Amino acid sequence: MSNETIAILGGTGDQGLGLALRFAKAGRRVAIGSRKVERAVEAAEQVRKQVPEALSVEGRENADAVLDAPIVILSVPFEHVAGTLKAVRERLVPGQILVSMGVPLATAIGDGAVRTLGVWQGSCAELLAALAPEGVEVVSAFQNVSAHRLQALDAPVECDVVVSGAPAARRRVMDLCALVPGLRGVDGGPLPNARIVEAITALLIGLNARYKVADGIGIRLTGLPGA
Ligand SMILES: NC(=O)c1ccc[n+]([C@@H]2O[C@H](COP(=O)([O-])OP(=O)(O)OC[C@H]3O[C@@H](n4cnc5c(N)ncnc54)[C@H](OP(=O)(O)O)[C@@H]3O)[C@@H](O)[C@H]2O)c1
């Protein structure tokens, strides 16, 4: 497992770059995807500069980044998730895991970030599950993690990650969480629970503003056995 590449589509943005830094730091191979290969290469260079010991960090076009990557994280704003998935769909193969991190924030229609939109399928994750090729498992994760905290490599992230999807696939994504100091993967059950997790992000954005926490507030669940 440790030799497997993690692809991050839209890994040129704040959240994807943060995950790329953390996974590279943990010794995992990372492929950063972008619509423009130059942007991806630039982001990969930035990661290698910050994590000189990184095993392998490559920048590729999104459609090339998904090749040979057992886990593909979709890290683009909600309004672009469907288009981005459609652009790489032909390259995805059964057995791959597609991680949905998007949140249907009302910013997608020019409204505020403290509210979510109704999605016909129920959530961003379920929308992606409806669009993904057969045999590709969609798992929902990382929506409540702050990009600022991911990028602050010297500090633990201190956040629980509720991971939802089919059991074997969600277990693999929970294992990814354990690579990042402070992150804890929590078994979030079936994919429709993404509806709840995605909505929490809008709540967190409001809390960040009211409590003036520029680096982002996270969540912790208490009382979990074995915690
Ligand atoms: N930022 C956070 O703190 C945070 C926290 C939790 C969850 N999230 C979620 O993580 C995801 C990424 O967030 P982010 O803040 O990193 O987003 P972002 O920086 O606004 O965008 C990420 C990437 O999306 C790509 N993109 C932009 N416009 C696009 C378009 N029209 N079509 C296709 N791709 C486009 C861009 O990559 P290229 O131009 O290189 O293709 C961009 O670098 C979102 O779904 C967000 O809800 C973010």
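By convention here, each chain's residues receive numbers from 1 onward along its written sequence. At least 70 in pLDDT is required for a residue's local features to be given in this predicted model, at least 80 for side-chain atom pairs to be given and counted, and no such filter applies to totals for whole chains, interfaces and linings, which use all residues. The side-chain values count all of the structure's non-hydrogen atoms but skip hydrogen atoms and water molecules.

A.B. asks: Just checking my understanding: could you explain the layout of surface pockets for this structure?
C.D. replies: Gaps left between atoms show up when a probe the size of a water molecule is rolled over them. Roughly 1,100 Å³ of volume is contained in the largest pocket. At the level of secondary structure, the elements contributing two or more residues to the lining of the largest pocket comprise α1 (14-25), α3 (62-65), α4 (81-88), α6 (147-151) and α8 (194-210). Classification convention: Asp, Glu, Lys, Arg as charged; Ala, Val, Leu, Ile, Met, Phe, Trp, Tyr, Cys, Pro as nonpolar; all other residues, Gly among them, as polar. Taken together, the residues of the lining of the largest pocket sort by class into 18 nonpolar, 21 polar and six charged. Cavities and pockets were defined on a 1 Å grid built from protein atoms only: a cavity is a group of points that admits a 1.4 Å probe but offers it no way out, a pocket is an open group of points flanked by protein on both sides within 12 Å along at least five of seven lines, and a lining residue is one with an atom within 4 Å of any such point. Grid points are joined across faces, edges and corners, and a volume is the space filled by probe spheres set on the points. Helix and strand assignments follow DSSP, with helices taken as H or I runs no shorter than four residues and strands as E runs no shorter than two, numbered in order from the N terminus.

A.B. asks: Help me understand the sheet that holds strand β6 (residues 137-140) in this model?
C.D. replies: Two pairing modes exist for strands in a sheet, parallel and antiparallel, and in both the strands are linked by backbone hydrogen bonds. Between any two strands, pairing holds if DSSP finds at least two bridges. Spatial ordering of the open sheet is given by β3-β2-β1-β4-β5-β6, a layout of six strands whose pairing is parallel. In this open sheet, the two strands that pair with only one neighbour each are β3 (57-61) and β6. With direction set aside, neighbouring strand axes in the sheet form an average angle of 25°. The pairing of strand β5 (residues 97-100) with β6 spans four bridges and is classified as parallel. In the sheet register, Ile97 faces β6, and the bridge partner there is Glu137. Between the N-to-C directions of two axes lies an angle of 0 to 180 degrees, each axis being a line fitted to C-alpha atoms and, for a helix, fitted only over the stretch in contact.

None of the figures reported here should be taken as evidence of function without further support.
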